[in-house]
Amino acid sequence: KAGVTQTPRYLIKTRGQQVTLSCSPISGHRSVSWYQQTPGQGLQFLFEYFSETQRNKGNFPGRFSGRQFSNSRSEMNVSTLELGDSALYLCASRKDRGLSYEQYFGPGTRLTVT
Amino acid sequence: GQSLEQPSEVTAVEGAIVQINCTYQTSGFYGLSWYQQHDGGAPTFLSYNALDGLEETGRFSSFLSRSDSYGYLLLQELQMKDSASYFCAVRGGSQGNLIFGKGTKLSVKP
């Protein structure tokens, strides 16, 4: 079974631009969560999508948004990029929204904002 | 608020046993989990404790004490490939979001 895939793997953007990142979950997984990882703040939860609906949202500004498609693939968008948005963005999928913690992470997208 | 505390770094020698502690503070606690992340890699799920006690999976064991808001990951017969960062995580709060600790960087020396 193929794992979680994320595209692109690396991205360099300029401050003020916007960016869209893509995540394809494991086949059959309906929940996709997004995380931001930085050396200073660690892994921080952005949002979770299930059946095309945002179910949970972390403490990030409205510049961070996402969506999920009917095939469970998900995209996240960051508008008006700031230098502090430079991070590894990880998505994780799991089969459903039960309390099981077994999430499967993708390799991440390394975003650098200059 | 919600918070998790774990040591930032731990060093041990090959073949030894190491314990990584995690204390948490959260409302609506639903269990403690552990993830491993090698440099440049993605986090991978290791274990999940919803109830008090010890869960064993091969060389790795995880323990939870809900009354103490405390858990630990125990790694036995350490191997060089165990050098990685280890994160504890809890699902809690009003929205049940998964909150991660800052991670413990484990270095295994020969």
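If you're wondering where the values come from, they're calculated on a predicted model, not measured in any experiment.

Trainee: Outline the sheet that holds strand β3 (residues 18–25) of chain B, supporting the account with residue identities and numerical values.
Mentor: All names here are of chain B. Ordered in space as β1-β3-β8-β7-β6, the 5 strands form an open sheet in which the pairing is antiparallel. Every interior strand has two partners, whereas the edge strands, β1 (3–5) and β6 (53–57), have only one. Direction aside, neighbouring strands of the sheet carry axes that sit 20 degrees apart on average.

Trainee: Give a detailed account of the environment of E77 of chain B, specifying residues and quantitative values.
Mentor: Residue and element names in this part refer to chain B. Looking at the secondary structure, you find E77 in the loop between β8 (70–75) and β9 (84–92). Given a relative accessible area of 54%, E77 falls into the exposed group. For the pair formed by E77 and G31, sequence separation is 46 residues and the distance between their alpha carbons is 26 Å. Sequence-distant contacts of E77, defined by excluding residues within four places in its chain, comprise G15, A16, R59 and D82.

Trainee: Describe the packing of aromatic side chains, listing the residues and the values that go with them.
Mentor: Across all of its chains, the model carries 14 aromatic pairs over all chains by this definition. Centroid distance F105 of chain A to F100 of chain B: 6.3 Å. Interplanar angle 70 degrees. Geometry classified as edge-to-face. Of the two residues, F105 of chain A is situated in strand β10 (residues 104–105) and F100 of chain B in strand β10 (residues 97–100); the pairing between them involves two chains. We note that F105 of chain A, like F100 of chain B, is buried. Aromatic rings pair up to connect Y35, F45 and F105 of chain A together with Y35, F45, F87 and F100 of chain B into one cluster.

Trainee: Pulling in residues and values, what's your account of the pattern of salt bridges?
Mentor: All names here are of chain B. If you walk through the whole model with that rule in mind, you get 8 salt bridges over all chains. Close ionic contact of D52 with R66 constitutes a salt bridge, the shortest N to O distance being 3.0 Å. On the criterion of sequence distance, the pair formed by D52 in the loop between β5 (44–49) and β6 and R66 in the loop between β7 (60–65) and β8 is long-range, its members being 14 residues apart. Its relative accessible area of 44% is what places D52 among the partly exposed residues.

Trainee: Could you give an account of the state of the cysteines, with specific residues and numbers?
Mentor: On inspection of all chains with the given rule, the structure shows 2 disulfides over all chains. With a sulfur-sulfur separation of 1.9 Å, C23 of chain A is cross-linked through a disulfide to C91 of chain A. Around the S-S axis, the bridge from C23 of chain A to C91 of chain A shows a dihedral of about 70 degrees and counts as right-handed. One end of the pair, C23 of chain A, is in strand β3 (residues 19–24); the other, C91 of chain A, is in strand β9 (residues 87–94), and 68 residues separate them in sequence. Comparing C23 of chain A with C91 of chain A, the two get one shared label, buried. The disulfide partner of C22 of chain B is C88 of chain B, and the S-S distance across this bridge is 2.1 Å. Every disulfide takes its handedness from the sign of the S-S torsion; for C22 of chain B and C88 of chain B that torsion is 75 degrees, giving right-handed. One end of the pair, C22 of chain B, is in strand β3; the other, C88 of chain B, is in strand β9, with 66 residues separating them in the sequence. Each member of the pair, C22 of chain B together with C88 of chain B, is buried.

What counts as what
Residues numbered from 1 in each chain as written. Chains lettered and ligands numbered in written order. Predicted model: local features only at pLDDT ≥ 70, side-chain atom pairs only at ≥ 80, totals over all residues. Heavy atoms only, no water. Pairing = 2+ DSSP bridges. Helix = DSSP H or I, 4+ residues; strand = E, 2+ residues; numbered from the N terminus. Axes fitted to C-alpha atoms, helices over the stretch in contact; angles between N-to-C directions. Buried < 20%, exposed > 50% of the residue type's maximum accessible area, 1.4 Å probe, protein only. Contact = heavy atoms within 4.5 Å. Phe/Tyr/Trp six-rings, centres within 6.5 Å; stacked < 30°, edge-to-face > 60°. Salt bridge = Lys/Arg side-chain N within 4 Å of Asp/Glu carboxyl O. Disulfide = S-S within 2.5 Å.

Take it as geometry only, folks, not as evidence of what the structure does.
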